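# Report on the structure
Residues per chain are reported as follows:
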Amino acid sequence: MTNRSALRAIPSVGSILDSSEMIARRGSAPRSVLVAAAREAVAAARDAVRRGGARAAAPSREAIVQDAVRRVEAGRRPSLKPVINATGVVLHTNLGRAPLAEEAARAVAEAARRYTNLEIELGTGARGSRMAHLEPLLVELLHAQAALVVNNNAAAMLLALNTLSAGKETVVSRGQLVEIGGAFRIPEILERSGAILREVGTTNKTRIRDYERAVGPRTGMLLRVHPSNFAMVGFTQETTREELVRLARRNRLPLLEDVGSGAMLDFTRWGLPAEPVAREALAEGVPLVCMSGDKLLGGPQAGIIAGRRSLVQALRANPMARALRVDKLTLAALAATIRLYRDPEAAREHLPVLRMLGEPAARVRARARRVIRAIGAERASLCGAEVVACTAEVGGGSMPLGRVPSYALALRPVKGSVEDLARALRTGPDPVLGRIESGRLLLDLRTVDPGEIPGLVTSIVRALEEKP
Ligand SMILES: *Cc1c(COP(=O)(O)O)cnc(C)c1O
């Protein structure tokens with residue numbers, strides 16, 4: 001039963017538009033925006049009455065006007081905005097993976113504002129290639145003959161498989177037919193590329209003999225995938241890189257190794273698991289590698305392909321390469337990121353991902369203590385705030401076993417539930433994302449930049465004072 005008289009009492013769209021609050025916004029918002037907001041607010045009021053049943057009361061005109069104003073204001077703010085990542089997950093795919101180095105962010109801003117020599121050779125005035133800005137840097141860093149950059153690693157695989165194995169079999173171990181989050185599955189991308197999947201071995205064991213038996217006149221290429229986001233333990237075996245390189249050579253077949261995260265340095269020095277390093281794969285004879293730009297590499301979303309010149313040229317000549325190419329902003333960001341790796345010390349200092357992973361735990365703890373002091377002893381004791389030891393993660397489908405000792409600020413809500421507190425922090429003007437663990441909200445300081453501390457403190461104080 002709907003309360004019909006309450007429905008009739010809801011003011012018209014015209015009456016909301018004629019309120020002084022909406023009239024005051026005529027100068028700053030187009031009429032179409034004001035009308036849409038008023039319509040939505042009235043519709044929301046009607047819905048509320050319908051849901052409320054026979055005894056529902058109509059919201060006041062004032063409340064509907066406030067709702068319309070809120071909708072106008074919300075539309076003015078960008079939907080995509082910076083957030084404070086206090087989850088402790090360094091490469092959080094839902095938070096946009098790697099934050100860029102200052103050098104890369106500046107390069108993007110410069111390339112964005114003005115025309116660039118994207119595809120012009122300034123010396124001759126002739127048409128050039130956009131890859132000319134990046135390929136020499138990648139060739140130098142990876143010790144490769146040639147390199148190519150596309151939209152992401154999924155695109156890199158699609159392009160390589162389509163170029164080298166369409167209509168032919170791609171031989172891959174069953175243990176490497178993985179799903180890498182967001183519905184990216186190796187078997188599916190393989191199928192879409194036009195390549196024919198030839199699985200060999202079993203889930204836990206694949207030997208070189210399995211590959212040898214599968215290779216024949218129908219084979220297009222061999223594929224090796226780093227199973228970035230899971231680890232197998234126990235009775236397991238994978239074919240070594242060396243064995244596959246030898247098999248590919250003997251049969252004159254291309255071999256693509258998807259190294260995954262684009263690690264350029266040895267992460268074991270920080271106590272993290274070893275990640276395949278593209279330069280090593282190429283040095284050990286793998287003719288073609290691909291990787292992401294925005295994982296451990298610490299750059300923008302991109303897919304990097306590098307290796308033997310003839311193979312990279314074949315990929316570049318594929319019309320699909322045009323559909324998967326990157327724009328000038330990505331090029332600028334990636335080139336600036338790669339340039340930082342010329343000096344590994346500079347890379348560790350300037351790339352946020354490397355800085356966060358390499359920071360000593362004591363410094364993270366000091367930052368957590370600074371936050372407690374800044375929110376004030378009284379407020380801190382009210383919400384049981386304390387600094388606790390915790391574990392941060394690499395994330396982004398990298399290093400599933402990689403655990404990074406860290407410190408977090410643990411909060412208990414003064415009133416309301418811990419979920420309410422988490423929501424208040426997420427929805428404030430400077431959104432903060434943490435994680436809930438045993439009834440407490442943990443704000444891991446490893447992934448919070450020192451420059452974000454004032455914003456974090458303001459957001460915490462605000463959320464604690466908000467009425468749930
Ligand atoms: C992350 C990942 C991908 C997908 O890379 P995107 O750049 O996100 O497209 C593919 N393969 C491996 C092994 C990965 O780790």
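The coordinates are above.
Here goes a summary of the coordinates provided.

### Quick word on the sheet that holds strand E3 (residues 146–150)
Sheets are built from strands paired through backbone hydrogen bonds, the pairs being either parallel or antiparallel. With mixed pairing, seven strands are arranged side by side in an open sheet as E3-E9-E8-E7-E6-E4-E5. The open sheet terminates on both sides in strands that have one partner only, identified here as E3 and strand E5 (196–200). Here the average twist between neighbouring strands, direction ignored, is 25 degrees. The strands that helix H11 (residues 241–250) touches are strand E6 (219–225) and strand E7 (255–260); relative to E6, the one it contacts most, it runs at about 170 degrees.

### Digging into the sheet that holds strand E14 (residues 440–444)
Taken in spatial order, the five strands make up an open sheet running E2-E10-E11-E14-E13, and their pairing is mixed. The sheet is open, and its two edges are formed by strand E2 (89–91) and strand E13 (435–437), each paired on a single side. This sheet shows a mean twist of 40 degrees between the axes of neighbouring strands, independent of strand direction. Judged from the four bridges that link them, strand E11 (residues 398–411) and E14 form a sheet pairing that is antiparallel.

### Examining the packing of helix H6 (residues 102–113) against helix H15 (residues 328–340)
Running from N to C, H6 and H15 point in directions that differ by 150 degrees, and their axes come no closer than 8 Å. Classed by the angle they form, the pair H6 and H15 counts as roughly antiparallel. Helix-helix and strand crossings are classified by hand; for H6 and H15 the assignment is right-handed. The residues of H15 that touch H6, namely those facing Glu103, Ala104, Ala107, Val108, Ala111 and Ala112, are Lys328, Leu329, Ala332, Ala333, Ala336, Thr337 and Leu340.

### Comments concerning the site of the ligand
The environment of the ligand is formed by Arg97, Asn152, Asn153, Ala154, Ile180, Phe184, His226, Ser228, Asp258, Gly260, Ser292 and Lys295. With respect to the ligand, the backbone of Asn153 contributes an N or O atom lying 3.0 Å from an oxygen atom. Asp258 is positioned with one of its side-chain polar atoms (N or O) 2.6 Å from a nitrogen atom of the ligand. Listing elements by their share of the shell around the ligand, those giving two or more residues are helix H8 (153–165) and E7.

Conventions adopted
Residues numbered from 1 in each chain as written. Predicted model: local features only at pLDDT ≥ 70, side-chain atom pairs only at ≥ 80, totals over all residues. Heavy atoms only, no water. Pairing = 2+ DSSP bridges. Helix = DSSP H or I, 4+ residues; strand = E, 2+ residues; numbered from the N terminus. Axes fitted to C-alpha atoms, helices over the stretch in contact; angles between N-to-C directions. Contact = heavy atoms within 4.5 Å. Parallel < 35°, antiparallel > 145°, perpendicular 65-115°, else oblique. Left-handed = near helix turned anticlockwise from the far one by under 90°. Near = heavy atom within 4 Å. Polar contact = N/O pair within 3.5 Å; in protein donor to acceptor, adjacent residues only side chain to side chain.

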